Amino acid sequence: MTLAIAPPVVRAVRSEDLPAVGRHMRGMLEREIGGYDPRLHADIDDLAGTYLGARGTHLLVGFAEGPDGPVVAGTASVRAGGPKPQFTPAWLTRRYEGRRVGQICRVWVDPGHRRLGVGQLLATRAARWALDAGYDPVCLHTNASIPGALAFWSSFPGAVLVHDARPDPWSTVHFEIDPAAFTATADLAA
């Protein structure tokens, strides 16, 4: 007998989700990303102010069925603007000047829910939202020291490697989403 696993539910975050989403994000920071840094993670201090009703932003949450009901399995967000100039090479900062840039952020899947499609669903919905919102380009960066992160983004539909900043302190690798390649691939999978 095979047990059926309910597919994750991915949707825009609601105010009642914020406490659980905040715990998930802080847990991910502590377990996998080297801890909280206010220069990099200030949005987590004010999820409601950053994402709820703020123009040009979007926060998604993925729920999976846990033993006591739905649990936060992962998150993804979109924010206006490119990577922070103080942590990015000047040429990369100039690449985004004067453009309507959207950045996919906080694609963080709890280790117990990886390899079940949660991350793919979250990232695909975030990219679709960013493109539909008119962002051009859509960029992201990942910490390549997190197991599976670089492989995930390297195989993500439409992702193009722009800059490998390693050996920086965060093992950063920058990508952009090619809208045509993403749309062709994402539409085939839908």
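Residues numbered from 1 in each chain as written. Predicted model: local features only at pLDDT ≥ 70, side-chain atom pairs only at ≥ 80, totals over all residues. Heavy atoms only, no water.

Enquirer: Just give me the short version of the pattern of salt bridges, but keep the residues and values in it.
Expert: Under the defined criterion, the tally for this structure stands at nine salt bridges. The partner of D43 in a salt bridge is R79, with the nearest N and O atoms 3.2 Å apart. With D43 in the loop between α2 (38-41) and α3 (47-51) and R79 in strand β3 (residues 69-80), this residue pair connects regions lying 36 residues apart in the sequence. This pair shows no difference in class: D43 is buried, exactly as R79 is. (Salt bridge = Lys/Arg side-chain N within 4 Å of Asp/Glu carboxyl O. Helix = DSSP H or I, 4+ residues; strand = E, 2+ residues; numbered from the N terminus. Buried < 20%, exposed > 50% of the residue type's maximum accessible area, 1.4 Å probe, protein only.)

Enquirer: Pulling in residues and values, what's your account of the nonpolar core?
Expert: Among the nonpolar cores identified, the biggest contains 27 residues, and I104, L122, V138, W153, F156 and I177 are the most heavily contacted of them. Where this core is concerned, the elements lending two or more residues are β2 (58-66), β3, β4 (102-109), α5 (118-132), β5 (138-143) and β7 (172-177). The element that contributes the greatest number of residues to this core is α5, accounting for seven residues. Non-local contacts of F156, meaning those with residues more than four positions away in its chain, are made with Q120, A123, T124, A127, I177 and F182. Counting residues in hydrophobic clusters, the runner-up holds 17 residues, among them L18, V21, F63 and W108. (Core = buried A, V, L, I, M, F, W, Y, C linked by side-chain atoms within 4.5 Å. Contact = heavy atoms within 4.5 Å.)

Enquirer: I'd like to hear about unusual backbone geometry, residue by residue, with values.
Expert: Following D136, the chain continues to P137 via a peptide bond in cis, the omega torsion being 10 degrees. Considering the arrangement of structural elements, one finds P137 in the loop between α5 and β5. For the bond from R166 to P167, the omega torsion is 15 degrees, close enough to zero to count as cis. Within the fold, P167 resides in the loop between β6 (159-164) and β7. If you check the backbone angles, S171 has positive phi at about 50 degrees while not being a glycine. We classify S171 as buried; its relative accessible area is 18%.

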